[in-house]
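Listed below are the residues making up each chain.
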Amino acid sequence: MTDQVPEVVLPPELAALRLKGVDHLAWVTWKPEETVRFYRDVLGLPLVHAITATGWVSETFPDFVHFFFALGTGDHLAFFYYFGLPEEEQPGDLMHRSRHLALHVDTEQELLDWRARLKAHGVRVTPPLAHELLESIYFDDPNGIQLEITRPLRPFAPIDARDAELTLRALSDVTRNGKPTVEEMWRRKGELSRAHTEEQNR
Amino acid sequence: MTTLYVLDIPEFGAFVEAAENQDMTVRRAGDYVEVTTDGPLEIQRAQVGARPAIWFAALTAGYQGRLVTLDEDRLLLVEK
């Protein structure tokens, strides 16, 4: 993946203190066998590390296995399996869709090839859906965790980052004041956009 | 007067064209295109032809006025 971070002026104390991507993202599984089969054999992510331990973290911490798949660019996807832990209820539909992991591919053909591979392994997968800057397919892992494979429609540009700053300022302004609505946010954003255009015309 | 701001990126270009075709006032300044009209500002989905993710994000850059409708077919803003 190309570096799509826009140029920003960092405070001096952060210039030498930069985070460098995801090391690992960790989830909990109650289905270790299916999880390994899915991530290693279907998605082709090498199983690279597993640690097993008694629950040493705190008095009530269960005994566990913690295992890691390599995502291919130095980052990892990890799972905990906890012995004796009752299975938790699945989240509701909106939280299921919202909390997801999107994996990157570069081209439309790769996206289509992944869709074909998932279908061939009996995984239910959506048709490609084009968002603003990304086109994606969606499917669930054996734990019911939503995954996405996505490809860029165009790179993120500096204008996207500047606009994002104004959008989040508008959102912060309306969430600070009681009951926010999307209309209130859009009206506030309109004020900020107008200020931007007036500054340009000065 | 009603104003719609449109972020000046390719994905939203069809909104600006639709406004120009309806003789709305279109002014580019910095990152945004300011679309202004006297009275209601109405854009039909059919004039824009945007995919759902773009159409329903039509107001991302904000507006001045009151939102009456943003549904599958139509965007309508009116004066306050």
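Residues numbered from 1 in each chain as written. Chains lettered and ligands numbered in written order. Predicted model: local features only at pLDDT ≥ 70, side-chain atom pairs only at ≥ 80, totals over all residues. Heavy atoms only, no water.

- Under an unreviewed UniProt entry, chain A has the name VOC family protein and belongs to Streptomyces camelliae.

Notes on the overall build of chain A
- Along the backbone of chain A there are 5 helices and 8 strands.
- Taken from the N to the C terminus, the helices and strands of chain A come in the order β-α-β-β-β-α-β-α-β-β-β-α-α.
- Expected size for 202 residues packed as a compact globule is a radius of gyration near 17 Å; at 21 Å, chain A overshoots this value by more than 25%.
- Taken over 202 residues, chain A has a buried fraction of 34%. (Helix = DSSP H or I, 4+ residues; strand = E, 2+ residues; numbered from the N terminus. Rg over C-alpha atoms; globule rule 2.2 N^0.38 Å. Buried < 20%, exposed > 50% of the residue type's maximum accessible area, 1.4 Å probe, protein only.)

Observations concerning the sheet that holds strand 2 (residues 47-53) of chain A
All names here are of chain A.
- Strand order in this open sheet of 4 strands is 1-4-3-2, and the pairing throughout is mixed. The sheet terminates laterally at strand 1 (24-28) and strand 2, the two strands that pair on one side only. On average, each strand axis in the sheet is tilted by 20° relative to the strand beside it, whichever way the strands run.
- Two strands pair when backbone bridges link them, and strand 1 and strand 4 (residues 76-82) are joined in this way by 5 bridges, in the parallel orientation. Bridged to Leu-25 within strand 4 is Leu-77.
- Running over the sheet, helix 1 (residues 32-42) touches strand 1, strand 2, strand 3 (64-70) and strand 4 and is turned about 10° from strand 3. (Pairing = 2+ DSSP bridges. Axes fitted to C-alpha atoms, helices over the stretch in contact; angles between N-to-C directions. Contact = heavy atoms within 4.5 Å.)

Points about the confidence of the model for chain B
- Averaged over chain B, the pLDDT score is 96; the fraction of residues at 70 or greater is 100%.
- Of the two predicted TM-score estimates for the complex, the pTM is 0.90 and the ipTM is 0.96. (pLDDT = per-residue confidence, 0-100.)

Details of the pattern of salt bridges
- Under the defined criterion, the tally for this structure stands at 14 salt bridges over all chains.
- For Arg-97 of chain A, the salt bridge identified is with Asp-93 of chain A, shortest N-O distance 3.0 Å. On the criterion of helical spacing, the pair formed by Arg-97 of chain A and Asp-93 of chain A is a turn pair, its members being 4 residues apart in helix 2 (residues 93-98).
- A residue is classified by how much of its surface remains accessible, and Arg-97 of chain A, at 49% relative accessible area, is partly exposed.
- The shortest N-O distance in the salt bridge between Arg-27 of chain B and Glu-34 of chain B comes to 2.5 Å.
- Each of Asp-173, Arg-176, Arg-188 and Glu-191 of chain A takes part in one network of salt bridges that share partners. (Salt bridge = Lys/Arg side-chain N within 4 Å of Asp/Glu carboxyl O.)

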